[in-house]
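Chains, contacts and geometry: an overview
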Amino acid sequence: MKLAGAMFMYNFTAPTCDELVQLREVAAGIRDADLIIRNSQVLCVHSGEILERDILISGRHIAALTPPRYFFAKNTIDAKGHYAVPNFIDAHFHIEYSLLTPGELARLIVPKGTTTILADPNCMANVSGKDGVDFISATNAPLCILRQISSSVPRFPGLELGGYSFTPEDIGILLQSNSSVSLGEAVPYDFSLTSALVCAQALNAGKRINGHTARLQEEALWSYWAGGICDDHNAATFSEALNIIRLGGSVAIQSGSMTNYLKDILADPNHKMSELMLTQIFFCADDKTVVDLNKEGHIDHHVRTAISSGIDPTIAVRMATLNAAVHFRIDHLLGSITPSKLANFMLLPDLEHIKPTSVYVCGQIVAENGEPLFANVDAIQSKFKRTIKLNKDFGVIDLAIVAPKEKSTVPVRVIEPSEGYYKKISIENMKTADGIVQQDIERDILKIAVVDRHHASRNIGVGFIKGFGLQNGAIASCNNCENQNIVVIGTDDQQMVTAVRHLEEIGGGYCVVSENNIVDSLPLPVGGIMS
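In this report, the structure presented in the accompanying data block is examined. (Residues numbered from 1 in each chain as written. Predicted model: local features only at pLDDT ≥ 70, side-chain atom pairs only at ≥ 80, totals over all residues. Heavy atoms only, no water.)

Along the protein chain, the regular secondary structure elements total 14 helices and 26 strands. By the burial criterion, 58% of the 531 residues in the protein chain qualify as buried. Of the side chains in the protein chain, 44 bear a positive and 58 a negative charge, and the two mean positions are spaced by 2 Å. (Helix = DSSP H or I, 4+ residues; strand = E, 2+ residues; numbered from the N terminus. Buried < 20%, exposed > 50% of the residue type's maximum accessible area, 1.4 Å probe, protein only. Lys, Arg positive; Asp, Glu negative; His and termini not counted. Charge placed at Lys NZ, Arg CZ, Asp CG, Glu CD.)

This next bit is on the sheet that holds strand β10 (residues 208-211). Read across the open sheet, the 8 strands follow the order β6-β7-β8-β9-β10-β11-β12-β13; overall the sheet is parallel. Edge positions in the sheet fall to β6 (88-93) and β13 (281-284), since each of these pairs with one other strand and no more. Pairing geometry for strand β8 (residues 144-149) and strand β9 (residues 180-183), over 3 bridges, is parallel. Bridged to Arg147 within β9 is Ser180. Lying over the sheet, helix α7 (residues 238-246) contacts β11 (231-232), β12 (250-254) and β13, oriented at roughly 150° with respect to β12. (Pairing = 2+ DSSP bridges. Contact = heavy atoms within 4.5 Å. Axes fitted to C-alpha atoms, helices over the stretch in contact; angles between N-to-C directions.)

Reading across the sheet, the 9 strands line up as β20-β19-β18-β22-β21-β24-β23-β25-β26 and stay open at both edges, with mixed pairing between neighbours. Looking at strand neighbours, the two that pair on one side only are β20 (436-437) and β26 (517-523), the edges of this open sheet. Examined bridge by bridge, strand β18 (residues 409-418) and strand β22 (residues 460-466) share 2 bridges and lie parallel to one another. Residue pairing for β22: Ile415 is matched across the bridge by Ile465. Of the strands in this sheet, β21 (445-451), β23 (474-477), β24 (486-490), β25 (509-514) and β26 are in contact with helix α14 (residues 493-506), which crosses β25 at around 145°.

Within the element layout of this structure, Ile311 appears in the loop between α11 (299-308) and α12 (313-320). Along the sequence, Ile311 and Pro339 sit 28 residues apart, while their C-alpha atoms lie 27 Å from each other.

The next point concerns the packing of aromatic side chains. Under the counting rule described, the total for this entry stands at 4 aromatic pairs. Summarising the aromatic geometry, the rings of Phe135 and Phe384 are spaced 4.7 Å apart at their centres and angled 35° between planes, so their arrangement reads as tilted. Here Phe135 is found in helix α3 (residues 122-136), whereas its partner Phe384 is found in the loop between β17 (371-372) and β18, with 249 residues between them in sequence. (Phe/Tyr/Trp six-rings, centres within 6.5 Å; stacked < 30°, edge-to-face > 60°.)

The next thing to look at is the pattern of salt bridges. By the definition in use, this model includes 17 salt bridges. Measuring nitrogen to oxygen at the nearest pair gives 3.1 Å for the salt bridge that ties Glu25 to Arg31. Relative accessible area serves as the criterion here: at 25%, Glu25 is assigned to the partly exposed category. A single salt-bridge network, built from bridges that share partners, covers Glu428, Asp440, Arg443 and Lys466. (Salt bridge = Lys/Arg side-chain N within 4 Å of Asp/Glu carboxyl O.)

Take the environment of Gly461 next. Counting through the fold element by element, Gly461 comes out in strand β22. In this structure, the C-alpha to C-alpha distance between Gly461 and Asp398, residues 63 residues apart in sequence, is 9.0 Å. Setting aside residues up to four positions removed in sequence, Gly461 forms contacts with Ile448, Ala449 and Val450.

Time to look at unusual backbone geometry. Residue Pro154 is bonded to the preceding Val153 through a cis peptide linkage, with omega at -5°. With respect to the secondary-structure elements, Pro154 resides in the loop between β8 and α4 (168-175). Note that the residue after Cys481, namely Glu482, is joined by a cis bond; omega there is -10°. Here Glu482 is to be found in the loop between β23 and β24. In this structure, Asn39 takes a positive phi of about 65° despite not being glycine. The residue Asn39 is located in strand β1 (residues 35-44) in this model. Unlike most non-glycine residues, Cys362 shows phi in positive territory, near 50°. Within the secondary structure, Cys362 sits in the loop between β15 (358-361) and β16 (364-368). Among the residues examined, Cys362 registers a relative accessible area of 3% and is labelled buried.

Counting 106 residues, the largest nonpolar core has Ile253, Leu266, Met273, Phe283 and Val303 as the members making the most contacts within it. When near neighbours in sequence (up to four residues on either side) are disregarded, Ile253 contacts Tyr261, Leu262, Ile265, Leu266, Ile281, Phe282, Phe283, Cys284 and His302. Counting residues in hydrophobic clusters, the runner-up holds 20 residues, among them Val451, Val497, Leu503 and Cys511. (Core = buried A, V, L, I, M, F, W, Y, C linked by side-chain atoms within 4.5 Å.)

This paragraph deals with the pairing of β8. Of all 6 residues in β8, 6 are buried, a share of seventy percent or more. On β8, burial covers both faces: Cys144, Leu146 and Gln148 on one face and Ile145, Arg147 and Ile149 on the other are all buried. Traced from β8 through α4 to β9, the parallel crossover comes out right-handed. (Right-handed = clockwise from strand over helix to strand, strands pointing away.)

Okay, structure coming up:
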């Protein structure tokens, strides 16, 4: 049975006055519940207990948890042999990097038990401005998307060229929305007055400020934290996580497509988190593609890994639910199976494999045995398509790095990827030809360019990068942190141009070129970054 998606949109709110009256009456036995989940083993995330209880549901919310068969209702489901667990929360996620639109993402992750994501809309903000923020933050599917408002768009105005620019006033208005839970990852190197103004707006609006420490230490970390930062998702070791907790912050342990810090923090053989410390830990995927979400899982993967690392299952589930809800001040809505909260929970046959047999959202079953019971009915407006705008004269001349003609070699700064999305810089002597610095395939030093795709300008940054192992051709993508400009890497300039031009033809995505021919491509026509 497929459920209509429209019933879920904007429905993740606290009970209304009328709903509270009904919840009270159901809990008192005056009114029948709409649905009773009988005989389940309810995981109580507040106490750490597992209790046999009936779950009484009235409308969108939980009315009561009672001993078995205490009340009766026309609609009942026998959950004997199953654990009832709150649905999972991703505490920091960029939907765009999944490569899926919100409705398609929901079909993938809701059956795995994640029904709430706290999403930073920075990518679509750069592509489509405030309209992009609204687009990426809403779906008709049973997925609650709460916003972590980007702290700057583009990330470094004046240094970068994004599609749109947000003023501090723009950000302040977005923070006032009930669907906004925090200011998205503040820049750790920005000590400007503008940065302080944006952070002050968030704190005075009662919203958290997400950190992105980039693994800073000592003075750099202390001064960053003094700006009102509340949490971090870059901590990669036990000691780094402990430092954040000692500063009064919380840690969102990241496991995405480029990084996985779960075992380094939770399974360190020389250190063990205390139960008090674990109340300050929750989970996030940050940047995780559809391939990895499908193969490895979402927050269910975090929970499984935590349990296999020796964390008690009741605590692992609390880390995936209540901890994040409390930190972001949404525990009055969700994060536990308790009265007046949204009836968002899953039924699990065991507390080891974390594979739901059924998932409920707002009191309705929305997934069974790993399959969604809803379609993606979200409409995609035309303004979010055909967004790639290149300068008509863009060509190999734009990729040339000029050197003095009398020099046969020149020292060049070279980028080297390190530990996921971090970068290192080295200085390498590079050969020149006719006054142009050349790629060096033998040393695996290739050319890299960032090409403006928003304004059809010839604003292009060109440099060198090592570590890709490409022997012939070019790879181009416009799904890039954070401004979503086109990044292209290649063994020669013409093949780089061919790859970039093909992205324009397909409306964005990924492209692979070899021998100056298109070998393969992945069209991402929505904003140039999603499908």
